[in-house]
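Below, each chain spelled out in residue letters.
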Amino acid sequence: MGKQTKVGLIVLVALVIFVTTVFYLGQQQHFWERKLPFELHVVRTNGLQEGAQVSLSGVPIGSVTDLRFPTDPSLAYIVIVIRVTSDVAPRIRANTLAAIHTVGLLGERYVELTPGTPDQPPLEAGAVISSVDPTDLEAVLGQSGDIVTNIVEVTASLKDVLQTIQRGEGLLGAMVR
């Protein structure tokens, strides 16, 4: 065997090891498993990205492969395409519900599926899974700002009333003294 052949084999083996490692570590996608597509329709994605994890009852079963608007501009939703492993697909039933959740308080977004009940038929590949629109945190925080403002105003009013009573003014003030 020539020197060039030996070097070529070493380089080939190194490339095979490198590619295998990249596939194995690359988001744990299980590239060789057969996956089936499903769709979700939501009004907001709240930062969900392609490649995000899809879980069924907390167990990772796939990933988000596409986020797009429908071809008809009059439709006001976003299409999320997910792909799940084929061995888990029969657990996705007509009453399965999808929701976008966050890992931790400020972590990345993922899709969580709740399993359907056994009395419902499994969904076919490509079907639309019912989904719950994610909470609009900006709107909630905006409302909480109004609540905080109201609490501050009520506290200031209560402070004025208590000071008036403490000074002995008014009916309650006269009764306390």
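Residue numbers restart at each chain and count upward from 1, following the sequence in its written direction. Only residues with pLDDT of at least 70 get local features here, since the model is predicted, and only at 80 or more are side-chain atom pairs given and counted; chain-wide, interface and lining totals rely on the full set of residues. For side-chain calculations, the full set of non-hydrogen atoms in the structure is used, while hydrogens and water are omitted.

(A) Examining the overall build of the protein more closely. Every helix listed is a DSSP run of H or I at least four residues long, and every strand listed is a run of E at least two residues long, numbered separately from the N terminus. Summing up its helical and strand segments, the protein has 3 helices and 7 strands in all. When its helices and strands are written in sequence order, the protein yields α-β-β-β-β-β-β-β-α-α. By residue count, 24% of the 177 residues in the protein fall in the buried class. Two residues form a contact once any of their heavy atoms are found within 4.5 Å. Here the contacts in the protein between residues at least 6 apart in sequence split such that 60% fall between residues at least 24 apart. Note on classification: 1.4 Å probe, protein chains only; a residue is buried when its accessible area is under 20% of the maximum for its type, exposed when over 50%, partly exposed between these limits.

(B) A look at the side chain of Glu39. Tracing the backbone shows Glu39 in strand S1 (residues 35–42). Pairs of N or O atoms within 3.5 Å make up the polar contacts considered here, provided that, within protein, one atom can donate a hydrogen while the other can accept it, and that residues adjacent in sequence are counted only when both atoms are side-chain atoms. In this structure the side chain of Glu39 is engaged in a polar contact, spanning 3.2 Å, whose partner is the side chain of His41. Among all residues touching Glu39, those that are not within four sequence positions of it are Arg68, Val79, Ile80, Val81, Gly126, Ala127, Val128 and Ile129.

(C) Spatial organisation of the environment of Arg91. Note that Arg91 resides in the loop between strand S4 (78–85) and strand S5 (97–102). Distance from Arg91 to Thr114, taken between C-alpha atoms, is 9.5 Å for residues 23 residues apart in sequence. Here Arg91 is in contact with Leu56, Thr96, Pro115 and Gly116, once residues within four sequence places are set aside.

(D) Quick look at the pairing of S4. Of all 8 residues in S4, 7 are buried, a share of seventy percent or more. We call two strands paired when DSSP finds no fewer than two bridges between them. Judged from the 8 bridges that link them, S1 and S4 form a sheet pairing that is antiparallel. Along S4, the bridge assignment pairs His41 with Val79.

(E) The confidence of the model for the protein, seen in detail. You can read pLDDT as the predictor saying how much it trusts each residue, on a scale of 0 to 100. Residues with a pLDDT of 70 or more make up 82% of the protein, whose mean pLDDT is 83. Summarising per-element confidence for the protein, the mean pLDDT is lowest in helix H3 (residues 170–176) (67) and highest in S4 (95).

(F) Unusual backbone geometry, seen in detail. If you check the backbone angles, Asn46 has positive phi at about 50° while not being a glycine. Unlike most non-glycine residues, Ser57 shows phi in positive territory, near 55°. Structurally, the position occupied by Ser57 is in the loop between strand S2 (53–56) and strand S3 (59–68).

(G) Examining the pattern of salt bridges more closely. Here, a salt bridge means any Lys or Arg side-chain nitrogen found within 4 Å of an Asp or Glu carboxyl oxygen. Per the counting criterion, the structure on display carries 2 salt bridges. Its salt-bridge partner being Glu39, residue Arg68 comes within 3.4 Å of it at the nearest N-O pair. With Arg68 in strand S3 and Glu39 in strand S1, this pair connects stretches of sequence that are 29 residues apart. The shortest N-O distance in the salt bridge between Asp66 and Arg68 comes to 2.7 Å. You can call Asp66 partly exposed: its relative accessible area is 23%. You can call Arg68 partly exposed: its relative accessible area is 36%. Within the structure, one salt-bridge network assembled from shared partners comprises Glu39, Asp66 and Arg68.

(H) Structural context of the sheet that holds S5. The sheet built from 7 strands closes into a barrel, its strands ordered S1-S4-S3-S2-S6-S5-S7 with mixed pairing. Direction aside, neighbouring strands of the sheet carry axes that sit 35° apart on average. Simply put, an axis is a line fit to the C-alpha atoms, just over the touching stretch for a helix, and the angle between two N-to-C directions goes from 0 to 180 degrees.

(I) Layout of the nonpolar core. As used in this record, nonpolar core signifies buried Ala, Val, Leu, Ile, Met, Phe, Trp, Tyr and Cys residues forming a set joined through side-chain atoms within 4.5 Å. If you look at the biggest cluster of nonpolar residues, it comprises 23 residues, and the most contacted ones within it are Phe38, Ile82, Leu113 and Ile129. Where this core is concerned, the elements lending two or more residues are S1, S2, S3, S4, S5 and strand S6 (109–114). Setting aside chain neighbours within four positions, we find Phe38 in contact with Ile80, Val81, Ile82, Val84, Ala89, Ile92, Leu123, Glu124, Ala125, Gly126, Ala127 and Ile129.

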